[in-house]
Amino acid sequence: MGAPSPRAVLVLAMVLVGPWAPRGGYGQPNFIVILADDVGWGDLGANWAETKETPHLDQLAAEGTRFVDFHSAASTCSPSRASLLTGRLGVRNGVTHNFAITSVGGLPLNETTLAEVLQEAGYSTGAIGKWHLGHHGRHHPNSRGFDYYFGIPYSHDMGCTDTPGYNLPPCPPCPRHGAAARVARKDCYTEVALPLFENVTIVQQPVALGSLARRYAEEAARFIRRASKSGRPFFLYLALAHMHVPLWDPQPAPASGRGIYGASLSEMDALVGRIKQVADSHGKGNTLLWFTGDNGPWAQKCELAGRLGPFVGAWQRQRGGSSAKQTTWEGGHRVPAVVYWPGHVPAKRTSRALLSTLDIFPTLVALAGAALPPNRRFDGLDVSPVLFGWSDEGHEVLLHPNSGAAGKVGEIEALRLAQYKAFYTTGGAMACDGSTGPAEHHQPPLIFNLDRDIQEQEPLDAASREYQAVLPVISRAYAQALEDIAADNVSVADYSKDPAVIPCCDAQHVACRCHGAPAAALDFHTERRTRLCL
């Protein structure tokens, strides 16, 4: 018969020993998912030696497992977040590009979120930070399975503030007087101030960016303490503003260039460290903490963008344009990932399993002892055997959708099969120098061997034996994936717009500014609270 395969040995071991039972001894585990924004794979010191600003994250990696071949499900905000919370790609869940401040819709209501499944399983659920999956009506987080919400309904560059922070190009502060004082700037929101919500109430508009990290940390700690006292397991989804522009340097007299990015990265690192400390203080070993990113760095922001590490997409760079956020190059979707769960997830371990943010949904559902929603197919896997160190096998095939570069948004433009990666469309995303690179469609596809060419510099020669051998396998996998999607219960998101749905604290004031003390001086417990009409 021959020796059994590693997968067969794993299955046999689970039959003999029994699957991990979340209800044994200490009951269902708590879950904290921390999602950084526009973070680079090389922004984690444990990944990239040049990075010195992440001692807490590096310690988290030392006490848990670091995943070095981990990918966001899309390479821009809304699609990536929708996929994390549904376990399904945008071509299935309907979220293929970003929602606007005027968006009427959001993540389709027939899609079931991770929070809804866990809530049904008895969990206390909280979302803190960026949402960006619809803010109007039933698309608000409180209607999508979260008992508690505190944060900004979209990216924090999608509204003006009194302290704009650092961006390229720089944006002006919110106007304080009439229309004559307003300044129009390309890529800047100057008409409506950025709102901060607690549940469905606007508690501050404009947001004071300088205190945002502190407030997120305080609210996260408060949620953990409250949930722990209740005796119920909890799920906290903490979607950080870091490292998306505008950046905010917490130190006085900030340095320029990399100094600003480094200071903001240090602030994010300290925030993560504080959340870990709070979670450990309420029962070390009871909480699984999963840190990762929504997509790679935003290259057109130049020195305000993160580090790619070795994943530079050299083939694209030679032709102009970005190989990071919005693209299907490794720099666009390969993100840092660490899982920490003392006593369950091995410490000081590095895994090279091919994993994705898509896997968070089915894995946490399984660990909670809950069931996946019926009548739909999932792109994510239950990777708990990989987390526990029993296996290092992840996806055989991983699909990468277009997230705003060349081609149709949401369409599968690249595919990973083992060490091989095939591109069907390239170009179309802006680099720091303003170039976008030509939009090119590749049929047959460009194929790179990432084991030999992690920089994606030189595709395989189409006439080579290696290319000819792997092309039929890739083509078959690509066709099967498209057939599976076509046969699925696919949703369609409403991307219609209406200015009337823009969150506005007080429409009688310029930029919807809340009436009262200046925003930067407001105290959380004494702020005017204005309810949003839903």
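What counts, and where the lines are drawn
Chains are numbered independently. Their residues run from 1 in the order of the written sequence. With pLDDT at 70 or above as the cut-off, local features in this predicted model cover only qualifying residues; side-chain atom pairs require 80 or more to be listed or tallied, and sums for whole chains, interfaces and linings still use all residues. Side-chain numbers come from the whole structure's heavy atoms, not from hydrogens or water. UniProt positions are given in the numbering used here, feature names are shortened, and annotations may be inferred rather than shown by experiment. Helix numbers and strand numbers start at the N terminus; a helix is a DSSP run of H or I with at least 4 residues, a strand a run of E with at least 2. Residue contacts are counted whenever heavy atoms from the two residues lie within 4.5 Å of one another. Using a 1.4 Å probe, the Shrake-Rupley method yields the accessible areas, and only the shown protein chains count as cover for residues. pLDDT measures how confident the predictor is about each residue, on a scale from 0 to 100. A side-chain nitrogen of Lys or Arg and a carboxyl oxygen of Asp or Glu constitute a salt bridge if their distance falls within 4 Å. Each residue is placed in one exposure class: buried if its accessible area under a 1.4 Å probe, protein chains only, is under 20% of its type's maximum, exposed if it is over 50%, and partly exposed if it falls in between. Any two strands are treated as partners once DSSP identifies two or more bridges connecting them. What counts as an axis is a line fitted to C-alpha atoms, over the stretch in contact for a helix, and the angles between N-to-C directions run from 0 to 180 degrees. The disulfide definition used here is simple: a pair of cysteine sulfur atoms within 2.5 Å. The criterion is simple. A nonpolar core is a set of buried Ala, Val, Leu, Ile, Met, Phe, Trp, Tyr and Cys residues joined through side-chain atoms within 4.5 Å. A pair of aromatic rings is counted whenever rings of Phe, Tyr or Trp (Trp by its six-membered ring) have centres within 6.5 Å, and the orientation is called stacked for planes under 30 degrees apart, edge-to-face for over 60 and tilted otherwise.

- Where an unreviewed UniProt entry is consulted, the protein chain appears under the name Arylsulfatase G, with the organism given as Piprites chloris.
- As recorded by UniProt, the Sequence similarities (unreviewed entry) comment attached to the protein chain reads in full: "Belongs to the sulfatase family."
- For the record of the protein chain, the UniProt heading Cofactor (unreviewed entry) holds the text "Ca(2+)".

Looking at the overall build of the protein chain
Argument step 1. Of regular secondary structure, the protein chain possesses 12 helices and 17 strands.
Argument step 2. Restricting to contacts in the protein chain with at least 6 residues of sequence separation, those with at least 24 account for 72%.
Argument step 3. Summed over its atoms, the accessible surface of the protein chain is roughly 20400 Å², and 54% of this surface lies on carbon and sulfur atoms.

Re the confidence of the model for the protein chain
Argument step 1. Confidence in the prediction for the protein chain averages 91 pLDDT; 89% of positions are at 70 or higher.
Argument step 2. In the predicted structure, residues 1-26 sits below a pLDDT of 50 and forms 30 contacts with residues beyond four places in sequence or in another chain.
Argument step 3. Confidence drops under pLDDT 50 across residues 516-534; counting only partners more than four residues distant or on other chains, this segment forms 37 contacts.

A few points about the pattern of salt bridges
Argument step 1. Counted according to the given criterion, the structure contains 25 salt bridges.
Argument step 2. A salt bridge links D69 to R334, with the shortest nitrogen-to-oxygen separation between them at 3.3 Å. On the criterion of sequence distance, the pair formed by D69 in the loop between β2 (65-67) and β3 (70-71) and R334 in the loop between α9 (330-333) and β10 (338-340) is long-range, its members being 265 residues apart. Grouping residues by exposure puts D69 and R334 together as buried.

A short note on the sheet that holds strand β13 (residues 397-401)
Argument step 1. In spatial order, the strands read β13-β14-β15-β16; together these 4 strands make up an open sheet with antiparallel pairing. Looking at which strands have only one partner, the edges of the open sheet turn out to be β13 and β16 (440-449). Sheet twist, expressed as the mean angle between neighbouring strand axes with direction ignored, is 20°.
Argument step 2. Sheet topology places strand β14 (residues 412-417) next to strand β15 (residues 420-426); 4 bridges connect them, and they run antiparallel. Looking at the pairing, R416 lines up with K421 of β15.
Argument step 3. Against the sheet, helix α12 (residues 465-486) makes contact with β13, β14, β15 and β16, and its axis sits at roughly 120° relative to β16, the strand it touches most.

Things to note about helix α10 (residues 360-367)
Argument step 1. A large share of α10 lies buried, amounting to 7 of its 8 residues.
Argument step 2. Looking one or two residues past α10, G369 carries a phi angle of roughly 75°, positive in sign.

Details of the state of the cysteines
As used here, a disulfide is simply a covalent bond connecting the sulfur atoms of two cysteines.
Argument step 1. Counted by the stated rule, this structure contains 5 disulfides.
Argument step 2. Covalently, C171 is tied to C188 through a disulfide, its sulfur atoms 2.0 Å apart. In this structure the cystine formed by C171 and C188 twists about its S-S bond by roughly -85°; its chirality is therefore left-handed. Taken together, the residues C171 in the loop between β5 (148-151) and β6 (196-198) and C188 in the loop between β5 and β6 connect sequence positions 17 residues apart.

Considerations on the nonpolar core
Argument step 1. I32, I34 and F291 are the most contacted members of the largest nonpolar core, which totals 55 residues.
Argument step 2. Leaving out residues up to four positions away in the same chain, I32 has contacts with I224, F234, L236, I275, A279, T287, L288, L289 and W290.

Points about the packing of aromatic side chains
Argument step 1. Applying the stated criterion across every chain yields a total of 17 aromatic pairs.
Argument step 2. Measuring from centroid to centroid gives 5.0 Å for W41 and F311, while their planes differ by 85°, and the two rings are edge-to-face. In this pair, W41 sits in the loop between β1 (30-36) and α2 (55-63) while F311 sits in the loop between β9 (287-293) and α8 (314-319), placing the two residues 270 residues apart along the sequence. No difference in accessibility class separates W41 from F311, as the two residues are buried.
Argument step 3. Aromatic side chains W329 and F448 sit 5.7 Å apart centroid to centroid with 75° between the ring planes, which places their arrangement in the edge-to-face category. Pair noted here: W329 is in the loop between α8 and α9 and F448 is in strand β16, with a separation of 119 residues, a long-range link.

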